[in-house]
Amino acid sequence: MQRSPAEGYQQASLSEQKVDGEDFIQTDVCPKAGDVILDLGCGTGELSAHLAELVGPEGMVTGVDPDKERIQLAKETHSQIENLSFVEGSAINFPGIGAKVYDIIFSNYALHWMTNKQQVFKNIPAEGYQQASLSGQKVDGEDFIQTDVYPKAGDVILDLGCGTGELSAYLAQLVGPEGKVTGVDPDKERIQLAKEAHSQIENLSFVEGSAINFPGIGAEVYDIIFSNYALHWMTNKQQVFKNMFDSLKVGGKVAVQYMSYLPLFDYNAYVLLNPENAERIFRLFHFESKTKMECYCLSAGFDEIIRSFDTHCKGLVFETVQEFLEWQWSTTCGLFDPSLATEERLKKYLGPYTDEDGKLSLDFRGTKHEKVTVCRLLAVKKDKEHL
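A brief structural summary. (Residues numbered from 1 in each chain as written. Predicted model: local features only at pLDDT ≥ 70, side-chain atom pairs only at ≥ 80, totals over all residues. Heavy atoms only, no water.)

This brings us to the packing of aromatic side chains. Scanning all chains against the criterion turns up 19 aromatic pairs. Above the ring of Phe309, the side-chain terminus of Arg307 is found at 4.0 Å from the ring centroid. Directly above the ring of Phe245 sits Lys381, whose terminal nitrogen or CZ lies 4.7 Å from the centroid. (Phe/Tyr/Trp six-rings, centres within 6.5 Å; stacked < 30°, edge-to-face > 60°. Lys NZ or Arg CZ within 6 Å of the ring centre and 35° of its normal.)

Structure below.
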């Protein structure tokens, strides 16, 4: 019986490519027990299996290849290896792309088949995040600014967790040329994209940083410290509020919009559509209750919380399933893998959002299952001498 191309490739891999690959691994790669490894262009998985053996049961190896038959053969051949998985994908579409989850990305005899190697080495979900920001987060953020934050002409503002800068640009427009806005985000690629997208705005700058490392920290230079959909990603919120308090001018205010819980539609998306990655996605979030946030705020030195309340999200509407999947991918730093959302998984997940006539509604602002809310908190730094 004639062998398939994938089987022929497998036999070739057992000789030349496997010998060279194992030598490379042993003499240069040196994987350690517990390492999480991506094998990019894994073929039929011989080297992926070798890597899985080396990292041991506490490690994990994911093999990715664009050839469906090779991936299927890899799955069949190495199905007994528990810390090894195979996914059909490519250098521009693989699990965890841009999410900084791998200790080693390994590729053997594959790079010379790939086009656009600059993108291969860079691959990040920042542009997808930018598109997501143009819908849901931007809608809710602008509403927050218009109804509660009220920036004035001349204000100096810090946008903490600015992403790709859409709301920073909006704030810069509102404070005018006599004001100034600085956007800060820990993601280098998002900051770079923000700089490129908004380079024409003279009173706006972007800096790679975080809630514990930003321009003017502790210097009482800001009229407003603004944060939209970012606080629930941050750890040590007590320190975050203290840093914000110390960086505000007397009379300045903090204005934060954040999630206090994981909405059911998100939870189900991770569990039903990406069970392979769900636990890692859950570990990204650091939700805390509105009451806890208020305590952190007051403990940091804020004497008056102007408002602290829940409001309904206004931007969770998606035109297509693909748009929804890409939103999940970009807002989880690439950990959510759209390619794992099979037709069978999607049918199960989308069932509650499909009516009796088969019409699908991807409007998560308020369904019969839940009404998604977001928390808003505003507090003022008062002059101690006048209390």
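Moving on from the model shown.
At a minimum axis separation of 8 Å, helix 8 (residues 237-247) and helix 11 (residues 290-299) run at an interaxial angle of 45°. Taken as axis vectors, helix 8 and helix 11 run oblique relative to one another. In this structure, helix 8 crosses over helix 11, and the sense of that crossing is right-handed. Seen from helix 8, the contacting residues are Lys237, Gln238 and Phe241; seen from helix 11, they are Met293, Tyr296, Cys297 and Ser299. Across the contact of helix 8 with helix 11, the residue classes break down as 4 nonpolar, 2 polar and 1 charged. (Axes fitted to C-alpha atoms, helices over the stretch in contact; angles between N-to-C directions. Helix = DSSP H or I, 4+ residues; strand = E, 2+ residues; numbered from the N terminus. Parallel < 35°, antiparallel > 145°, perpendicular 65-115°, else oblique. Left-handed = near helix turned anticlockwise from the far one by under 90°. Contact = heavy atoms within 4.5 Å. Nonpolar A, V, L, I, M, F, W, Y, C, P; charged D, E, K, R; others polar.)

In spatial order, the strands read 3-2-1-4; together these 4 strands make up an open sheet with parallel pairing. Strand pairing shows two members of the sheet lacking a second neighbour, strand 3 (84-88) and strand 4 (104-106), which therefore form its edges. Across the sheet, the mean angle from the axis of one strand to that of its neighbour is 20°, orientation sign disregarded. Relative to strand 2 (residues 60-65), strand 1 (residues 36-40) runs parallel, the two being bridged by 5 bridges. (Pairing = 2+ DSSP bridges.)

Attention now goes to helix 9 (residues 264-273). Each turn of an α-helix holds 3.6 residues, which means side chains three or four residues apart point in the same direction. For helix 9, every residue scored as buried is listed here: Phe265, Asp266, Ala269, Tyr270 and Leu273. Projected down its long axis, helix 9 carries its buried residues within an arc of 135°, all on one side. Lining the buried residues of helix 9 we find helix 10 (278-282), helix 12 (321-331) and helix 13 (343-350). (Buried < 20%, exposed > 50% of the residue type's maximum accessible area, 1.4 Å probe, protein only. Arc of directions from axis to C-beta.)

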